[in-house]
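# Working through the structure, step by step
Here's the letter readout for the chains.
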Amino acid sequence: MKFRYSILIFSFVFFPHSPPAWSQMGKQIPFQLEQKEGEKLSPQALNQAVEQALMEQTNALRAKKKLAELNFNGFLQKAARDHSLDMVKRRYLSHFSPEGKNVLDRLGRYVKVQTDVGENLHTIASPRGLSDPQAIAAQMIKDWEGSPSHRKNLLGKQFYQVGAGCEGDGMQIYCTEVFSGANLPGD
């Protein structure tokens, strides 16, 4: 049985070497998320499964376009998870925290960054609950691929590494995917 859900917000900012004047806030876009019924995952397990699916599906898209695969980076994932958790806790969707911190600030907690960095954000909610990590990630990739600015991150030749971080309660999930133009040290 397939379920259909609607509600989506996503946002994007590309960060070159030096911070530009920024932020494009998320916008609501209608969609239908078709989930397959399967094993009910805990919210934590669902979050981790969506993270993995996002990175796999990003690389699958890059492979279709004959682009190099992005390598996983633990620092990028930590920064992505931190941001997703903060957005859930404080109920916002933006590349900037309420204090004005951006992806470069978040990465700076873990590693010094002197390269191009990209960040894609997405949230999906359902009053019936979220249960299919592959469907959730596929919808996010599809939406990002349909947006020129998000697609630029997904298919950016300047990027070598990626980390995805998701946080949610099983009813709504916030995901952040962070891209790096250098081979940053791992953790």
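Everything below is about the structure shown above.
In this text the structure is predicted, and so the values were computed from the model without any measurement.

What counts, and where the lines are drawn
- Residues numbered from 1 in each chain as written.
- Predicted model: local features only at pLDDT ≥ 70, side-chain atom pairs only at ≥ 80, totals over all residues.
- Heavy atoms only, no water.
- Helix = DSSP H or I, 4+ residues; strand = E, 2+ residues; numbered from the N terminus.
- Areas by Shrake-Rupley, 256 points an atom, 1.4 Å probe, with all protein chains shown as cover.
- Axes fitted to C-alpha atoms, helices over the stretch in contact; angles between N-to-C directions.
- Parallel < 35°, antiparallel > 145°, perpendicular 65-115°, else oblique.
- Left-handed = near helix turned anticlockwise from the far one by under 90°.
- Contact = heavy atoms within 4.5 Å.
- Nonpolar A, V, L, I, M, F, W, Y, C, P; charged D, E, K, R; others polar.
- Buried < 20%, exposed > 50% of the residue type's maximum accessible area, 1.4 Å probe, protein only.
- Core = buried A, V, L, I, M, F, W, Y, C linked by side-chain atoms within 4.5 Å.
- Expected span 1.5 Å × (residues − 1).
- Salt bridge = Lys/Arg side-chain N within 4 Å of Asp/Glu carboxyl O.

### Regarding the overall build of the protein
Tallying secondary structure elements over the protein gives five helices and eight strands in all. Seen in sequence order, the protein has helices and strands lined up from the N terminus as β-β-β-β-α-β-α-α-β-α-α-β-β. Surface accessibility of the protein: about 9,100 Å² in total, with carbon and sulfur atoms responsible for 51%.

### Some details on the packing of helix H1 (residues 43–64) against helix H4 (residues 133–145)
Closest axis-to-axis distance for the H1/H4 pair is 8 Å, and the angle between their directions is 45 degrees. Taken together, the axis directions place H1 and H4 in an arrangement best described as oblique. Of the two possible hands of crossing, H1 and H4 adopt the one that is right-handed. Of H4, the residues touching H1 (which contributes Leu46, Ala49, Val50, Ala53, Leu54, Glu56, Gln57, Thr58 and Leu61) are Pro133, Gln134, Ile136, Ala137, Ala138, Met140, Ile141, Trp144 and Glu145. For the contact of H1 with H4, the class distribution of residues is 13 nonpolar, three polar and two charged.

### Observations concerning the environment of Leu46
Residue placement: Leu46 occurs in helix H1. When the C-alpha positions of Leu46 and Gln134 are compared, they lie 10.0 Å apart, and in sequence the two are 88 residues distant.

### What about unusual backbone geometry?
Its identity as a non-glycine residue notwithstanding, Lys66 has a phi of 60 degrees, on the positive side. Given a relative accessible area of 77%, Lys66 falls into the exposed group. In the Ramachandran plot, Arg91 falls in the positive-phi region, its phi being about 55 degrees despite a non-glycine side chain. By the element assignment, Arg91 lies in the loop between helix H2 (74–90) and helix H3 (103–108). Using a relative accessible area of 74% as the deciding quantity, one classes Arg91 as exposed.

### Brief notes about the nonpolar core
Counting 26 residues, the largest nonpolar core has Val50, Leu54, Ile136 and Ile173 as its most contacted members. Residue contacts for Val50: discarding those within four places in its chain leaves Pro133, Ile136, Ala137, Cys166, Ile173 and Cys175. Counting twelve residues, the second-largest nonpolar core is a separate cluster that includes Phe75, Ala80, Val113 and Leu184.

### Topic: H4
Along its 13 residues, H4 runs 18 Å from first to last C-alpha, staying within 8% of the 18 Å computed at 1.5 Å per residue. Within the sequence span of H4, burial applies to Pro133, Ala135, Ile136, Ala137, Gln139, Met140, Ile141, Asp143 and Trp144.

### Some points on the environment of Pro43
Inspection of the secondary structure puts Pro43 in helix H1. In the structure, Pro43 is positioned 129 residues away from Gln172 in sequence and 9.5 Å away in space, judged by C-alpha atoms.

### Brief notes about the pattern of salt bridges
In total, this model carries six salt bridges according to the counting rule given. Glu51 is paired through a salt bridge with Arg81; the nearest N and O atoms lie 2.6 Å apart. Of this pair, Glu51 sits in helix H1 while Arg81 sits in helix H2; the two residues are 30 residues apart in sequence, bridging distant segments of the chain. A relative accessible area of 34% places Arg81 in the partly exposed class. One salt bridge connects Arg90 with Glu99, and the closest N-O pair in it is separated by 2.7 Å. What makes Glu99 exposed here is its relative accessible area of 53%.

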